[in-house]
Amino acid sequence: TLGNIGWDEMYASYAEQVRGLLDGGADVLLLETAQDILQVKCALNAAFDVLRDRGLKPDIGDLKTANDDKAVPVMVQVTIEQFGTTLVGTDMAGVVAALRDYPIYSLGMNCATGPVEMAEHVNYLANHWDRGISLLPNAGLPTLVEGKTVFPLPPEPFAQKMADFVKSAGLNIVGGCCGTTPDHIAALVQHVGEETPPARIDKKPWKPQIASLMGAVDYRQDNTILNVGERTNASGSRKFKRLLEEENWDEVMSLAKEMVREGSHVVDVNVDYAGRDNAADMQKIVGLLVQQVNAPLMLDSTQPATIEAGLKAAGGKCLINSANLEDGEEKFAVMCNLAKKYGAGLVLGTIDEDPEEAMARTRERKLSIAERMHDLAVNKYGLAEADLMFDPLVLPVSTGMEQDKHSGLETIEGTRLISERFPNCQITCGLSNISFGLKPAARQVLNSVFLAELVAAGMTSAILHVSKILPRNRIPEEQWDAALDLLYVRPPGAPVTLEDGSETTDPLQIFINHFPDGAEVQSTKVDLAELPLDERLRKHIIDGEKQGLEETLAEARENYPPLDIVNDHLLDGMRVVGELFGSGQMQLPFVLQSAQVMKAAVAELEPYMEKTDAGGKGSMLLATVRGDVHDIGKNLVDIILTNNGYTVHNIGIKVPINEIVAKYRETNPDAIGLSGLLVKSVNVMEENLQELNKLGIKVPMILGGAALQRSYCENHLRSTYHGKT
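These lines cover the structure that appears in this document, whether it is placed above or below. (Residues numbered from 1 in each chain as written. Predicted model: local features only at pLDDT ≥ 70, side-chain atom pairs only at ≥ 80, totals over all residues. Heavy atoms only, no water.)

**Notes on the overall build of the protein**
For the record, the criterion: Every helix listed is a DSSP run of H or I at least four residues long, and every strand listed is a run of E at least two residues long, numbered separately from the N terminus. For the radius of gyration, the atom set is restricted to C-alpha positions; the globular benchmark scales as 2.2 Å times the number of residues to the power 0.38. Three exposure classes are used, based on accessible area relative to the maximum for each residue type with a 1.4 Å probe and protein chains only: buried under 20%, partly exposed in between, and exposed over 50%.
Scanning the protein from terminus to terminus reveals 25 helices and 24 strands. Taken over C-alpha atoms, the radius of gyration comes to 29 Å for the protein, in line with the 27 Å a tight globule of 725 residues would show. Principal axes of the C-alpha set define a box for the protein whose edges measure 100 × 75 × 45 Å. When each of the 725 residues of the protein is scored for burial, the buried share is 52%.

What follows is the structure, encoded as structure tokens:
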């Protein structure tokens with residue numbers, strides 16, 4: 001997900017490992033300590049492909065595979081940190097939604113914390129995962145005592161808590177990770193028993209889901225349909241097409257964020273644009289979206305290669321838009337296989353090979369094609385019913401052509417038939433097609449009325465511009481009724497006189513007559529630009545929103561000194577971000593977005609600030625220590641210090657002490673900051689301090705990292721170093 005390695009390279013590496021493990025006689029394949037769902041999906045595909053090539057298959061723990069000597073269990077264990085998600089930000093609901101469709105033997109957790117801290121996630125698995133559950137915690141949270149890593153949870157309480165989980169959560173596989181000893185395992189065996197059957201847990205009814213990198217979204221929303229934002233679509237949005245031409249990725253992200261703020265649950269991404277490398281564009285945009293927008297993605301293209309490029313960049317569970325039978329079953333099979341391989345949902349458009357009229361116009365043909373696609377997708381290609389999303393396809397009723405007059409009606413009734421025939425499947429449509437070519441105000445009303453009728457007929461989703469949909473109470477009754485007459489092809493009993501004095505019984509002309517030139521489009525969204533200045537400044541930071549930032553700062557400079565803007569308004573936004581992160585309401589990638597916007601804001605204001613000290617507030621050298629690749633926290637410190645007027649020399653990850661010393665002598669900073677997430681990194685920090693002592697360097701040191709305890713730093717490490725720590 002972070003872009004440090006591509007899917008194909010990682011896939012090849014995992015495939016080689018799986019071949020070696022099987023050659024060596026491995027009975028089980030275990031993917032453990034996983035922090036990135038995209039990495040898990042890549043590894044699983046490599047494992048399943050190697051098994052298939054060798055005439056083997058995955059063992060999913062059911063009666064069919066339990067005694068099959070050709071079946072190999074493939075197990076997955078993720079690592080959930082103390083803040084409740086994996087390092088890249090996925091919660092357990094997101095993990096389950098993304099992996100549920102894969103034929104894995106078990107799903108569980110290992111490492112990061114002790115068993116007590118895992119309780120919430122264990123309970124979620126117990127209620128929502130339908131196969132084996134494994135749990136291998138640490139012996140508590142690690143501490144450092146006299147320079148040594150100590151895991152404080154003794155064998156007895158460790159084993160007792162695990163035994164409680166076996167009884168309450170129906171664990172199938174138990175063990176220990178960091179800090180557990182033979183005594184811990186012996187106590188575990190004693191408390192659990194070698195012959196103890198797993199407890200039977202009544203699972204909660206599964207609600208089919210899709211997922212972003214961060215978390216899951218139900219297909220069936222409680223109080224609304226599943227809204228799919230349509231504006232990041234090169235086929236339908238002039239603005240997005242322009243941004244794509246300009247490669248203005250920041251504005252693309254702003255557009256997607258705006259759709260989510262307006263109420264879109266899913267973001268549709270279509271980059272099909274002649275003259276560009278569509279697969280490269282899809283990979284680029286998806287790679288940015290998954291880290292910056294907390295919403296599942298609908299990857300929308302007629303080209304399988306473009307779809308797959310996006311799937312290779314997206315953790316979570318996407319929707320593919322779409323498959324149909326226009327080119328026969330061959331291309332349909334390609335799309336179904338992509339959905340199966342990457343664990344995605346699949347939109348099915350009601351089009352077949354009919355040479356005269358491929359797109360189904362009548363309700364009967366819409367249902368007939370849906371039945372054929374359902375049979376192929378479920379029974380031939382093994383897709384789950386709930387992951388199929390039928391699109392009965394609507395043509396504009398606005399053309400005035402006789403063959404198009406019934407398009408809305410047939411789509412409504414086709415939706416009703418498909419909903420009744422396949423109640424476990426989803427139904428969607430590109431809503432705005434119904435009104436193509438009409439004036440904006442007329443389009444808004446017709447789209448809103450059409451959506452209401454579709455939902456009443458059983459539609460569960462729509463691809464739309466959410467803020468342009470109006471509730472019935474905001475549409476005049478005469479406009480609402482005229483829209484219904486147009487959709488249901490109901491001409492009036494007597495001619496109606498139009499604004500130009502002519503008479504007609506045509507429902508289309510009567511509907512259009514309700515919207516004279518100058519009729520305004522209504523909006524349900526709250527525009528950031530409409531907020532008061534103080535609130536707007538904070539919202540830019542809290543939402544990580546760069547769009548309009550320069551204009552907001554220019555307006556702010558007319559009212560406040562630049563330094564006050566930073567200290568009183570922007571930093572207040574960062575304070576809220578910190579509170580949201582601390583309470584688990586904001587994931588780490590969004591914290592980093594906010595910090596990047598903060599950095600951009602300070603850079604914009606800096607030329608207008610009074611220069612009271614040519615040297616700035618001071619300088620700091622930052623490095624992640626030898627053997628450690630983790631740098632998210634360190635980079636956040638870099639941004640915060642830079643925002644507050646300090647000079648920062650950030651020299652990267654896995655930095656040995658000789659490079660730190662060389663950079664120190666080159667830049668002469670006021671302090672050195674050493675970072676590392678791993679437990680062993682604390683020992684490396686101590687070694688570095690000892691080396692600095694030998695060199696006579698006494699620069700103040702600031703140490704930070706997940707495994708570093710304040711007490712250990714203030715006592716042991718402070719006494720080790722000859723300078724300030």
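**Brief notes about the packing of aromatic side chains**
Rule in force here: Geometry of aromatic contacts follows a simple scheme: Phe, Tyr and Trp rings, the Trp one being its six-membered ring, pair when their centres are within 6.5 Å, and the pair is stacked under 30 degrees between planes, edge-to-face over 60, tilted otherwise. Put simply, a charge is over a ring when the Lys NZ or the Arg CZ is close to the ring centre, within 6 Å, and near the line of the ring normal, within 35 degrees.
Per the counting criterion, the structure on display carries 5 aromatic pairs. Between the aromatic rings of phenylalanine 390 and phenylalanine 422, the centroid separation amounts to 5.5 Å while the plane-to-plane angle is 25°, which identifies the pairing as stacked. In this pair, phenylalanine 390 sits in strand E16 (residues 388-391) while phenylalanine 422 sits in the loop between helix H14 (407-421) and strand E17 (426-427), placing the two residues 32 residues apart along the sequence. Classification of phenylalanine 390 by relative accessible area gives buried; the value is 0%. Here the guanidinium or amino end of arginine 100 rests over the ring plane of tryptophan 206, the centre of that ring lying 3.9 Å away.

**Structural notes on the sheet that holds E16**
Let me state the cut-off plainly: Here, strands pair whenever DSSP counts at least two bridges between them. The contact criterion used is simple: two residues touch if any of their non-hydrogen atoms lie within 4.5 Å. The convention used is that axes are lines fitted to C-alpha atoms, helices contributing only their stretch in contact, and that angles between N-to-C directions extend from 0 to 180 degrees.
Pairing in this open sheet of 8 strands is parallel, and the strands run E17-E16-E15-E14-E13-E12-E11-E18 from one edge to the other. Both outer strands of the open sheet, E17 and strand E18 (461-464), are each paired with one neighbouring strand and no more. Its contacts with the sheet place helix H12 (residues 329-342) against strand E14 (319-323) and strand E15 (345-349), and it is angled at close to 170° to E14.

**Some points on the environment of methionine 162**
Considering the arrangement of structural elements, one finds methionine 162 in helix H6 (residues 155-169). Judged by relative accessible area, which is 0%, methionine 162 ranks as buried. Counting along the chain gives 29 residues from methionine 162 to histidine 191, while the straight-line C-alpha distance between them is 8.4 Å. Dropping the residues within four chain positions of it, methionine 162 is found in contact with Pro115, Leu135, Pro137, Leu171, Val174, Gly175 and Leu188.

**Topic: the packing of H14 against helix H15 (residues 440-457)**
Defined as follows: For this classification, under 35 degrees means roughly parallel, over 145 means roughly antiparallel, 65 to 115 means roughly perpendicular, and everything else is oblique. For a crossing to be left-handed, the near helix must be turned anticlockwise from the far one by less than a right angle; the clockwise case is right-handed. Classification convention: Asp, Glu, Lys, Arg as charged; Ala, Val, Leu, Ile, Met, Phe, Trp, Tyr, Cys, Pro as nonpolar; all other residues, Gly among them, as polar.
In the contact formed by H14 and H15, the axes pass within 8 Å of each other and the chain directions differ by 25°. The angle between H14 and H15 places the two elements in the roughly parallel class. For the pair H14 and H15, the crossing hand works out as right-handed. Of the residues in H15, those touching H14 at Gly408, Thr411, Ile412, Thr415, Arg416 and Ser419 are Phe450, Glu453, Leu454, Ala456 and Ala457. Its residues placed into classes, the contact of H14 with H15 shows 5 nonpolar, 4 polar and 2 charged.

**What about the environment of glutamate 357?**
Relative to the elements of secondary structure, glutamate 357 occurs in the loop between E15 and helix H13 (363-380). As a C-alpha pair, glutamate 357 and arginine 575 span 218 residues in sequence and 59 Å in three-dimensional space. When sequence neighbours within four positions are dropped, the list of residues in contact with glutamate 357 reads Asp352 and Arg365.

**Overview of the nonpolar core**
The condition is simple: Take the buried Ala, Val, Leu, Ile, Met, Phe, Trp, Tyr and Cys residues and link them wherever side-chain atoms come within 4.5 Å; each set so joined is a nonpolar core.
Of all hydrophobic cores here, the largest spans 169 residues; its most connected members are Leu99, Ile285, Phe332 and Phe511. Those residues in contact with phenylalanine 511 that sit more than four places away from it in its chain are Leu438, Ala442, Val445, Leu446, Gln479, Ala482, Ala483 and Leu486. Ranked by size, the runner-up nonpolar core spans 26 residues in total, among them Leu144, Val661, Leu692 and Val699.

**Quick word on helix H11 (residues 304-311)**
Here H11 has its buried residues at Thr306, Ile307, Ala309, Gly310 and Leu311. Those residues of H11 that are buried are in contact with helix H2 (37-53), helix H10 (278-292), strand E13 (297-300), E14 and H12.

**Details of the pattern of salt bridges**
Rules: For this analysis, a salt bridge means a side-chain nitrogen from Lys or Arg found within 4 Å of a carboxyl oxygen belonging to Asp or Glu.
This structure, assessed with the given rule, holds 37 salt bridges. Linking arginine 52 and aspartate 49 is a salt bridge whose minimum nitrogen-to-oxygen distance equals 3.1 Å. With a gap of 3 residues between them, arginine 52 and aspartate 49 both fall in helix H2, about one helical turn apart. Between arginine 131 and aspartate 130 there is a salt bridge, and its shortest N-O distance comes to 3.0 Å. Overall, aspartate 130 belongs to the partly exposed group, its relative accessible area being 44%.

**A short note on the pairing of strand E11 (residues 226-229)**
Here E11 shows no split at all, with Leu226 and Val228 on one side and Asn227 and Gly229 on the other all buried. Strand direction decides the pairing type here: E11 and E18, joined by 4 bridges, are parallel. Bridge pairing in E18 links valine 228 to isoleucine 463. With 2 bridges connecting them, E11 and strand E12 (residues 266-269) associate as parallel partners. Pairing of valine 228 across the sheet is with valine 266, part of E12.

**Brief notes about the packing of H6 against helix H7 (residues 182-192)**
One way to put it is that H6 packs onto H7 with a least axis distance of 8 Å and a crossing angle of 40°. Classified by the angle between their axes, H6 and H7 sit oblique to one another. Seen along the crossing, H6 lies across H7 with a hand that is right-handed. Of the residues in H7, those touching H6 at Pro155, Glu156, Phe158, Ala159, Gln160, Met162, Ala163 and Val166 are Asp183, His184, Ala187, Leu188, Gln190, His191 and Val192. The residue makeup of the contact of H6 with H7, split by class, is 9 nonpolar, 4 polar and 2 charged.

Function-wise, these values are silent; they only describe arrangement.
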